[in-house]
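# Coordinate inspection notes
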Amino acid sequence: MRHTLPLAPQFYVTAPQPCPYLADRMERKLFTALQGDAANLLNDSLSQQGFRRSQNVLYRPSCTDCAACLSARIRVDGFQPNKSQRRTWKRNANLVRRATSPWATEEQYDLFRRYLDSRHADGGMADMDVFEFAAMVEETPIRTRVVEYVDSDTNKLAAVCLTDLLSDGTSMVYSFYDPKRQRDSLGTYVILDHIEIARESGLPYVYLGYWVQGSGKMGYKSRFSGLEVFKSGRWEPFQGEEAYSPELHPLSTDPIAEQVANISLPDLSHPVKR
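A brief report on the enclosed structure follows.

About the criteria used
Residues numbered from 1 in each chain as written. Predicted model: local features only at pLDDT ≥ 70, side-chain atom pairs only at ≥ 80, totals over all residues. Heavy atoms only, no water. Helix = DSSP H or I, 4+ residues; strand = E, 2+ residues; numbered from the N terminus. Rg over C-alpha atoms; globule rule 2.2 N^0.38 Å. Buried < 20%, exposed > 50% of the residue type's maximum accessible area, 1.4 Å probe, protein only. Areas by Shrake-Rupley, 256 points an atom, 1.4 Å probe, with all protein chains shown as cover. Lys, Arg positive; Asp, Glu negative; His and termini not counted. Charge placed at Lys NZ, Arg CZ, Asp CG, Glu CD. Pairing = 2+ DSSP bridges. Axes fitted to C-alpha atoms, helices over the stretch in contact; angles between N-to-C directions. Salt bridge = Lys/Arg side-chain N within 4 Å of Asp/Glu carboxyl O. Parallel < 35°, antiparallel > 145°, perpendicular 65-115°, else oblique. Contact = heavy atoms within 4.5 Å. Nonpolar A, V, L, I, M, F, W, Y, C, P; charged D, E, K, R; others polar.

Okay, the overall build of the chain next. In terms of helices and strands, the chain carries six helices and 14 strands. Scaling as 2.2 N^0.38, a compact globule of 274 residues should have a C-alpha radius of gyration of about 19 Å, and the chain matches this with 19 Å. For the chain, the spread of C-alpha atoms along the three principal axes comes to 55 × 50 × 40 Å. Counting the 274 residues in the chain, one finds 47% classified as buried. With an accessible surface of roughly 14600 Å², the chain has 50% of that area assigned to carbon and sulfur atoms. Each charge sign in the chain was given a centre, from 33 positive and 34 negative side chains, and these centres are 5 Å apart.

Turning our eyes to something else, we now look at the sheet that holds strand β10 (residues 157-166). Whether parallel or antiparallel, the strands of a sheet pair through hydrogen bonds between backbone atoms. The strand order β8-β9-β10-β11-β12-β7-β13-β14 describes an open sheet built from eight strands, whose pairing is mixed. Strand pairing shows two members of the sheet lacking a second neighbour, β8 (95-100) and β14 (234-237), which therefore form its edges. Across this sheet, the average inter-strand angle for adjacent strands is 35°, counted without regard to direction. Relative to strand β9 (residues 144-151), β8 runs antiparallel, the two sharing six bridges. The partner of Arg 97 across the bridge, within β9, is Tyr 149.

Bringing the pattern of salt bridges into the picture now. What the rule picks out here adds up to 15 salt bridges. Measuring nitrogen to oxygen at the nearest pair gives 3.2 Å for the salt bridge that ties Glu 200 to Arg 97. In this pair, Glu 200 is assigned in helix α5 (residues 186-201) and Arg 97 in strand β8, connecting sequence segments 103 residues apart. Since its relative accessible area comes to 32%, Arg 97 is described here as partly exposed.

Turning next to the packing of helix α2 (residues 83-91) against α5. Direction vectors running N to C along α2 and α5 enclose 90°, while the axes themselves pass 9 Å from each other. The angle between α2 and α5 falls in the class roughly perpendicular. Between α2 and α5, the contacting residues are Gln 85, Thr 88 and Trp 89 on the first element and Thr 188, Tyr 189, Leu 192, Asp 193 and Glu 196 on the second. For the contact of α2 with α5, the class distribution of residues is three nonpolar, three polar and two charged.

Next comes the structure, spelled out in structure tokens:
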């Protein structure tokens, strides 16, 4: 008997667990598997509705009493670098961009480990070994690239970004960089270069992941002009941190069935292969 994957994606909810961004808060995620011939189409559609990819899973926050996490993207034609960002761009003029297929290397993992040990030693990825790292990079059912930044003076790897290619933009899945080069603001530089990649490709957006109000780790995204956040089912120009409240009354949270019903799904019966 032949078994096929269900045409409509099935959605699930994780059990509550400690939030990695805000102390004394619990997180819960709505998620679905990303698989089959229509993976690119589904990833495009759900990314435009605030979902993010992790390997072969798409997820979105579904917390019962917190609304601090908002999916964020930069509108390329609305971005104007500030003085600090222009300095960062010039300071890293010796970096050479190198886009490759999603294949993990020992050099990448070495940089990844140094980055975690310096910046996120107590984070959820702290114990990730080389095999798990390879899975994070290589287990992708969609169009993905590893964008490396190599120092042309030393020929050493300075930064890496795992990047998905969407129909309307680039999506920065995960980035890491040399922690010894703190003065170079490499995290900011990688975002600036992805804006340039999107501009070169004629794509209107750069998807950044989540802006988390009150989180020092995720708050830096608000420093980019042209920022939009996904709130109440639509994208809106970022209004400034004071315009958003992380508090959410439990009774105001839509039931999971209603959340799923409000997700707009593409026609998956005739996927377009790219």
